[in-house]
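Descriptive structure summary
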Amino acid sequence: MYKAEQLAHNIRILIENHSFTAHQKLPSLRDQAADTGLSLMTVMNAYQSLEAQGLVYAKEKSGYFVTPLHDDLALSCTTRVALHEDVSINSLVFEYLKSIQSSHMIALGSAFPADELVCNKKLIQIMAQLAREPSSYSQNESLPPGKLALRQLIAQRYHMHGVHAHADDIVITSGCLDALNLALQAVAQPGDYIILQQHIFYGAWQAAERLGLKVITLPEHPIHGFDLDSFIQILQQYPIKVCWLMLNSHNPIGFNVSNEIKKKIATLIHQHQVYLIEDDVYEELYFSQHRPLPMKYFDLGNWVLHCSSFSKTLGASFRLGWVHAGAFSAKIQHLQLMSTISANSLLQQALVEFIAKHHYEKHLRQLRKNLEKQKKLFFKYLEQNLPKGCDIYYYHSGYFLWIKLPAHIDSMSIYENLIQQGISVAPSRLFCIFSEQRQGLRINCSFAWNEQLQQALDSMIQVIQTHLESATFTVDL
Ligand SMILES: Cc1ncc(COP(=O)(O)O)c(C=O)c1O
């Protein structure tokens, strides 16, 4: 993997210094292999790693091309680091979630994958069978830290991906958000300083609000996703206790941060003795051959608490998560006994059978294929039909597309307009508390394409167009 990383690094520098320009074709795999003396497989790995980072895109039977994203579409126009002593976002999130709850809603704003995409008949069969024999899923064995057989299987999965883990490191939780909240509570006290990315899943803002933490926001980097210089500046300037980061399939924007940067983050948090709560809930939803590595892989001490779940791969009805807690396992179990107690025992046992009999791997392979196909369909349609001035961020993983509207359009008003028509979208205000960063919309691409879906997208396009025209008219006046 080292040679592939080196090649990806070299190409990235050429993209950054404009030796490669937007939409320029990279040398074919064969030419690159001949020029560098590397194997075809190594070159392929390097190209796929660049693709996962959003630096290049693949065209079927044509090769790899440079994404125009990186000059013309800055991920974020501010690069300021900011301190927020009093976070207050909970009411907004509550109102938003209430507004999209109706089962008739076309849920483009949902954070969950469509049921038809993730629902697995085998798992339902296993659950139905177990449900008839209560003795097979004893509640006692499922109490914190969770069923041993399930923790062993999760530890094995970490091993498969090169991360050291023992069943005793793992605590089973009632989903990823539960894992994240417990992990944060285990390391932070009210009044502590926490780093959050400028755009981040609203659960992070809510957790900071609930615990009374002082939040320092880290801007996104226009090319790498993660702004290492600002991160260093923050660590030098503030007594940071913990950071909560998403570096793979970032929600809402979608980027994957490179291994090189992850390595540097690991060194920095080790030097500054800062804990990292890693939200890796979309870890399985990558489309390239290699799975993006978690920060836990690079951990130099016991600084990273890695959190994930099955909610994004099997659906919200099967919400069960875990934290690789290491030395914090006992503390997290204490906290669990004061809050959610334990995750559902029937589901724990069903997952043991589902994973042990290799159904999960098979399910994931199919899911990744379907998801990639669907995400590309959405991207193509929006690329062809969205008005000029809207930018779409496509990354090679997950099921979100991030649309950046022209500067004078507030995505909140697009959301408010569409909700009247029974269509939800997720506006930037849910993820970012800066008032000047209001142009983002997150779209869920996991729904099967049909007439109703296309009509919903057309309505969204129309609403954006109308806003754009009235904004232009106002400016002209
Ligand atoms: C980034 C992110 N982290 C965590 C969660 C929570 O996951 P779970 O449903 O497993 O609690 C979500 C769910 O939307 C999410 O998008």
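Since we're looking at a predicted model, the values are computed, not measured.

The rules behind these values
- Residues numbered from 1 in each chain as written.
- Predicted model: local features only at pLDDT ≥ 70, side-chain atom pairs only at ≥ 80, totals over all residues.
- Heavy atoms only, no water.
- 1 Å grid on protein atoms, 1.4 Å probe; cavity = no way out; pocket = protein on both sides within 12 Å on 5 of 7 lines; lining within 4 Å.
- Points joined across faces, edges and corners; volume = space filled by probe spheres on them.
- Helix = DSSP H or I, 4+ residues; strand = E, 2+ residues; numbered from the N terminus.
- Near = heavy atom within 4 Å.
- Polar contact = N/O pair within 3.5 Å; in protein donor to acceptor, adjacent residues only side chain to side chain.
- Nonpolar A, V, L, I, M, F, W, Y, C, P; charged D, E, K, R; others polar.
- Salt bridge = Lys/Arg side-chain N within 4 Å of Asp/Glu carboxyl O.
- Buried < 20%, exposed > 50% of the residue type's maximum accessible area, 1.4 Å probe, protein only.
- Domains from an automatic or database assignment.
- Contact = heavy atoms within 4.5 Å.
- Arc of directions from axis to C-beta.

Quick notes on empty space enclosed by the protein
Under the defined criterion, the tally for this structure stands at five cavities of 30 Å³ or more. Considered as a void within the structure, the largest cavity measures approximately 80 Å³ in volume. Every residue lining the largest cavity is listed: Ile154, Arg157, Tyr158, His161, Glu283, Glu284, Arg291, His306, Phe310 and Trp322. Considering each element in turn, the lining of the largest cavity owes the most residues, three residues, to helix α9 (residues 148-160).

Structural notes on the site of the ligand
With respect to spatial proximity, 16 residues lie near the ligand, and among them Cys176, Asp279, Ser309, Ser311 and Lys312 are the closest. Within the side chain of Asn251, an N or O atom sits 2.8 Å from an oxygen atom of the ligand. Contact distances for the ligand include 2.6 Å between a nitrogen atom and a side-chain N or O atom of Asp279. At the level of elements, α10 (176-187) and α14 (311-314) are the ones that each hand at least two residues to the shell around the ligand. With three residues, the single largest contributor to the shell around the ligand is α10. Split into classes, the residues belonging to the shell around the ligand amount to nine nonpolar, four polar and three charged.

Overview of the pattern of salt bridges
Side-chain pairs of opposite charge can arise where the charged atoms are in close proximity. With the rule as written, the count across this model stands at 12 salt bridges. When the shortest N-O distance is used, the salt bridge between Glu5 and Lys263 registers 3.7 Å. Taken together, the residues Glu5 in helix α1 (residues 2-16) and Lys263 in helix α13 (residues 259-272) connect sequence positions 258 residues apart. As a salt-bridge pair, Arg12 and Glu260 come within 3.0 Å of each other at their nearest N and O atoms. Here the residue Arg12 occupies a position in helix α1, and Glu260 occupies one in helix α13, the gap between them amounting to 248 residues. By relative accessible area, Arg12 is classed as buried at 7%. With relative accessibility at 24%, the residue Glu260 sits in the partly exposed group.

A short note on the layout of surface pockets
Here the largest pocket is characterised by a volume of approximately 1,200 Å³. Around the largest pocket sit 40 residues that line it, and Tyr57, Ala58, Lys376, Phe379 and Tyr394 are the ones nearest its centre. Those elements that provide at least two residues to the lining of the largest pocket are α3 (40-52), β1 (56-59), β2 (63-66), α4 (69-72), α17 (359-385) and β14 (391-393). Per-element tally for the lining of the largest pocket: the top contributor is α17, with nine residues. Class assignment for the residues of the lining of the largest pocket results in 19 nonpolar, eight polar and 13 charged. Two domains each provide a minimum of three residues to the lining of the largest pocket, namely domain 1 (2-72) and domain 3 (365-476).

Describing the side chain of Gln32
Mapping Gln32 onto the fold places it in helix α2 (residues 29-36). Overall, Gln32 belongs to the buried group, its relative accessible area being 9%. Engagement of the side chain of Gln32 in a polar contact is seen with the side chain of Tyr47, the distance being 2.9 Å. Setting aside anything within four residues of it in sequence, one finds Gln32 in contact with Leu7, Ile11, Pro27, Val43 and Tyr47.

Let's talk about helix α12 (residues 228-237)
Each full turn of the α-helix corresponds to 3.6 residues, which orients residues three or four apart in the same direction. Three or more residues of α12 are buried, namely Leu228, Ser230, Phe231, Ile234 and Leu235. Around the axis of α12, the buried residues are gathered within 160 degrees of arc, so they sit on the same side. Summarising the geometry of α12, the exposed residues directed more than 90 degrees from the buried face are Asp229 and Gln236. Those residues of α12 hidden inside the fold are in contact with β6 (193-197), β7 (214-218), β9 (225-226), β10 (240-245) and α13.

So, to be careful, I would describe these as geometric facts and stop short of saying anything about function.
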